[in-house]
Amino acid sequence: ETISVSELARKMNLKASELIGKLMGMGMMVTMNQSIDADTATILASEYDCTVHIVSLYDETVIESESDGSVELLHRPPVVTIMGHVDHGKTKTLDAIRSANVAAGEFGGITQHIGAYTVETGKGKVTFLDTPGHEAFTMMRARGAEITDIVVLVVAADDGVMPQTIEAINHAKDAKVPIIVAVNKIDKPEANPDKVMTQLSERGLIPEAWGGDTIFVPISALQKVGLDTLLDAILLQAEVLELTANYECRAEGKVIESRIDHGRGIVATIIVERGTLRTGDSYVAGVFSGRVRAIFNDRGEKLEEATPSMPVEILGLEGMPNAGDPFQVTETERIARQISSKRQELKRFENSRNIKKVTLDNLYDTINQGEILELKVIIKGDVQGSVEALKQSLEKLSTRDVRLNVIHASAGAINDSDVMLAAADSNAIIIGFNVRPTPQAKLLAEQEKVDIRKYNIIYKAVEEIEQAMEGMLKPDI
Ligand code: GDP
């Protein structure tokens, strides 16, 4: 029982390249005309709300799409990640919003941290991811879990734009997630919100008051000032985004975190993306299958069901899935087990094989195959001056066929965050000028197959990238 990728794509009403990309993500290198087996097709289809029926007579694989337009899409709450420089008040903002919107005394005032929480504002619900910062955000993206709808960028008014503020902007922009700016610590005498606005305008985030389209909200997380306005701004942005989901289908979502709880066994927090999750549902989470024994919300209340954008804890897992893993309810327990064992097999396959990422050496091949028209580059250097110089020289290399796009450039060692950003894009390379990767970043780069190039002469770097773009770089260099 096999089906070609192009045929499967046609039946699913998708581009073949989309499926090829997905298969690559599962560690399988295939071309359009290559065939895949029914099990792989089942997994692939399940990623797109489709069901595969294997008709034995002619071994034909038939796809039935559930998302054929007949279902009604309903509004869903936005999912928000808070980013910003260290000590600018991300955690304080998350805590302040949460405590202000949970009725005092409710459940003895016990707030549980399950990785995400939802607040009810009277005008609508908003879900916040509880792990602030762009590391978690990028880690999730690298695993294909793009669950954030809106980024709230916290900038301390007494400190202004700092390196991690810029990193956060780049990460959000790269993910094409809209940014709302929360100018925090306005209670401080030395606060200078205007300076923050000017600095961010230079980075393309222009306040509405100045004719731009970025919402700026002055807040004090400490004194709980401006938080309602911030929530209003988030809901307004959500309205613009027209966030909707199918509430009828079998539930799908992403794992936010998982842990072992004494007495309850393995507990995972998931955010439902579509459908309604119910107690008793069979599912696969990452490579594990299971049956939902119980559902709890972020306040520890037991629920019978969970709907889109809701973060919930589920019990009844057979193993610990990773953050970012997909979660899917299946028709039967048997299907869940099948998919799970297939995924475990694919995972072994993936681990035993190099996942192909863009490196300078294979760049030209990839361009030839028409898979990439853009080379994304991250530049790290010892001083800001050399970073800027290198950035300008490299950007000039863009040709009609290949565009060179510097997605992030800053001074400092190559860190985890840089590698995760490169991995999230799967086709970004990192250039270090007079800097090295931290040991952890080096490990991560090996794991994620991210190409890191080190130089200490600018023209050498430019020359090598240019040659790679022209396809002249010998594979053995
Ligand atoms: P994070 O590293 O971005 O998560 O920052 P935190 O939330 O941990 O805050 C860092 C420090 O700034 C803490 O000492 C907070 O109490 C303080 N802080 C946060 N928000 C405010 C604020 O609105 N006003 C003042 N004065 N201090 C704040």
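Note that the coordinates shown come from a computational prediction; the quantities given were computed from them, not determined experimentally. (Residues numbered from 1 in each chain as written. Predicted model: local features only at pLDDT ≥ 70, side-chain atom pairs only at ≥ 80, totals over all residues. Heavy atoms only, no water.)

(A) Representation of the pairing of strand 22 (residues 374-381). Among the eight residues of strand 22, seven are classified as buried, and the element is accordingly described as predominantly covered. Taken together, the eight bridges between strand 22 and strand 23 (residues 403-411) define a ladder with parallel strand orientation. Note that in strand 23 the partner of isoleucine 379 across the bridge is alanine 409. Note on the crossover from strand 22 through helix 11 (residues 384-395) to strand 23: the handedness is right-handed. Of the strand pairs in this sheet, strand 22 and strand 24 (residues 428-433) are connected by six bridges, and their pairing is parallel. (Buried < 20%, exposed > 50% of the residue type's maximum accessible area, 1.4 Å probe, protein only. Helix = DSSP H or I, 4+ residues; strand = E, 2+ residues; numbered from the N terminus. Pairing = 2+ DSSP bridges. Right-handed = clockwise from strand over helix to strand, strands pointing away.)

(B) Structural view of the nonpolar core. By size, the foremost hydrophobic cluster in this structure holds 25 residues, and its most contacted members are Ile97, Val126, Phe128, Val152, Ile180, Leu230 and Ile234. Taken together, the elements giving at least two residues each to this core come down to strand 6 (79-84), helix 4 (90-101), strand 7 (116-120), strand 8 (125-129), strand 9 (150-156), strand 10 (179-184) and helix 8 (227-241). Broken down by element, the residue count for this core peaks at seven residues, all from helix 8. If we ignore the near neighbours within four places in the chain, the residues touching valine 152 are Val80, Thr81, Ile82, Met83, Ile180, Ala182, Leu230 and Ile234. Of all hydrophobic cores here, the second largest spans 21 residues; its members include Met83, Ala157, Ile169 and Phe216. (Core = buried A, V, L, I, M, F, W, Y, C linked by side-chain atoms within 4.5 Å. Contact = heavy atoms within 4.5 Å.)

(C) Seen up close, the sheet that holds strand 23. What the four strands build is an open sheet, ordered 23-22-24-25; its pairing is parallel. One side of each edge strand has no neighbouring strand; the edge strands of this open sheet are strand 23 and strand 25 (452-455). Taking each pair of neighbouring strands and ignoring which way they run, the sheet shows an average axis angle of 25°. Contacts from helix 11 reach strand 22, strand 23 and strand 24, with the element oriented near 180° to strand 23. (Axes fitted to C-alpha atoms, helices over the stretch in contact; angles between N-to-C directions.)

(D) How the structure looks around the packing of helix 1 (residues 5-12) against helix 2 (residues 16-25). Here helix 1 crosses helix 2 at 115°, and the two axes come no closer than 8 Å. Between helix 1 and helix 2 the crossing geometry is right-handed. Between helix 1, through Val5, Ser6, Leu8, Ala9 and Met12, and helix 2, the contact on the second element is made entirely by Ala16, Leu19, Ile20 and Leu23. Along the lines of polarity and charge, the residues of the contact of helix 1 with helix 2 split into eight nonpolar, one polar and no charged. (Left-handed = near helix turned anticlockwise from the far one by under 90°. Nonpolar A, V, L, I, M, F, W, Y, C, P; charged D, E, K, R; others polar.)

(E) Representation of the site of the ligand in the model. Neighbouring the ligand are 15 residues, the closest being Asp87, Lys90, Thr91, Lys92 and Asp187. In this structure, an oxygen atom belonging to the ligand sits 3.4 Å away from a main-chain N or O atom of histidine 88. Here an oxygen atom of the ligand and a backbone polar atom of leucine 222 are 3.2 Å apart. In the complex, the protein chains occlude 75% of the 580 Å² of accessible area that the ligand would expose alone. Along the lines of polarity and charge, the residues of the shell around the ligand split into three nonpolar, six polar and six charged. (Near = heavy atom within 4 Å. Polar contact = N/O pair within 3.5 Å; in protein donor to acceptor, adjacent residues only side chain to side chain. Areas by Shrake-Rupley, 256 points an atom, 1.4 Å probe, with all protein chains shown as cover.)

(F) Broad picture of the pattern of salt bridges. Scanning all chains against the criterion turns up 18 salt bridges. The closest approach of N and O atoms between glutamate 333 and arginine 291, which form a salt bridge, is 3.3 Å. Here arginine 291 lies in strand 17 (residues 288-296) and glutamate 333 lies in helix 9 (residues 333-352), a separation of 42 residues in the sequence. On the accessibility criterion, glutamate 333 (35% relative accessible area) is partly exposed. Here arginine 291 falls in the partly exposed class, since its relative accessible area comes to 40%. Salt bridges linked by common partners bring Glu257, Arg259, Asp261, Arg264 and Glu313 together as one network. (Salt bridge = Lys/Arg side-chain N within 4 Å of Asp/Glu carboxyl O.)

(G) Inspection of the environment of asparagine 192 at higher detail. Of note, asparagine 192 is situated in the loop between strand 10 and helix 7 (193-201). As a C-alpha pair, asparagine 192 and aspartate 159 span 33 residues in sequence and 8.3 Å in three-dimensional space.

(H) How the structure looks around the side chain of threonine 93. Along the polypeptide, threonine 93 turns up in helix 4. Among all residues touching threonine 93, those that are not within four sequence positions of it are Ile82, Val154, Asn184, Ile219, Ala221 and Leu230.

(I) Representation of the packing of aromatic side chains. In this structure the tally under the stated criterion is two aromatic pairs. Look at tyrosine 117 and phenylalanine 128: their rings are 5.6 Å apart centre to centre, the planes differ by 35°, and that puts the pair in the tilted class. With tyrosine 117 in strand 7 and phenylalanine 128 in strand 8, the pair connects residues that are 11 residues apart, well separated along the chain. The same class applies to tyrosine 117 and to phenylalanine 128, which are both buried. The ring centre of phenylalanine 296 lies 5.3 Å from the NZ or CZ of arginine 264, which sits over that ring. (Phe/Tyr/Trp six-rings, centres within 6.5 Å; stacked < 30°, edge-to-face > 60°. Lys NZ or Arg CZ within 6 Å of the ring centre and 35° of its normal.)

(J) Region of the structure containing the sheet that holds strand 8. What the six strands build is an open sheet, ordered 7-8-6-9-10-11; its pairing is mixed. The sheet terminates laterally at strand 7 and strand 11 (216-218), the two strands that pair on one side only. Each adjacent strand pair in this sheet contributes to an overall mean axis angle of 30°, direction not counted. As defined by bridge partners, strand 6 adjoins strand 9 across five bridges and the pair is classed as parallel. Residue pairing for strand 9: valine 80 is matched across the bridge by isoleucine 150. Where helix 7 meets the sheet, it contacts strand 9, strand 10 and strand 11, and its direction lies at approximately 130° from that of strand 9.

(K) Expanded view of unusual backbone geometry. One non-glycine residue with positive phi stands out, namely aspartate 87, at about 70°. With respect to the helices, strands and loops of the structure, aspartate 87 is situated in the loop between strand 6 and helix 4. Here aspartate 87 falls in the exposed class, since its relative accessible area comes to 63%. Phi at lysine 449 takes a positive value of approximately 55°, unusual for a residue other than glycine. Checked against the element boundaries, lysine 449 lands in the loop between helix 13 (439-448) and strand 25.

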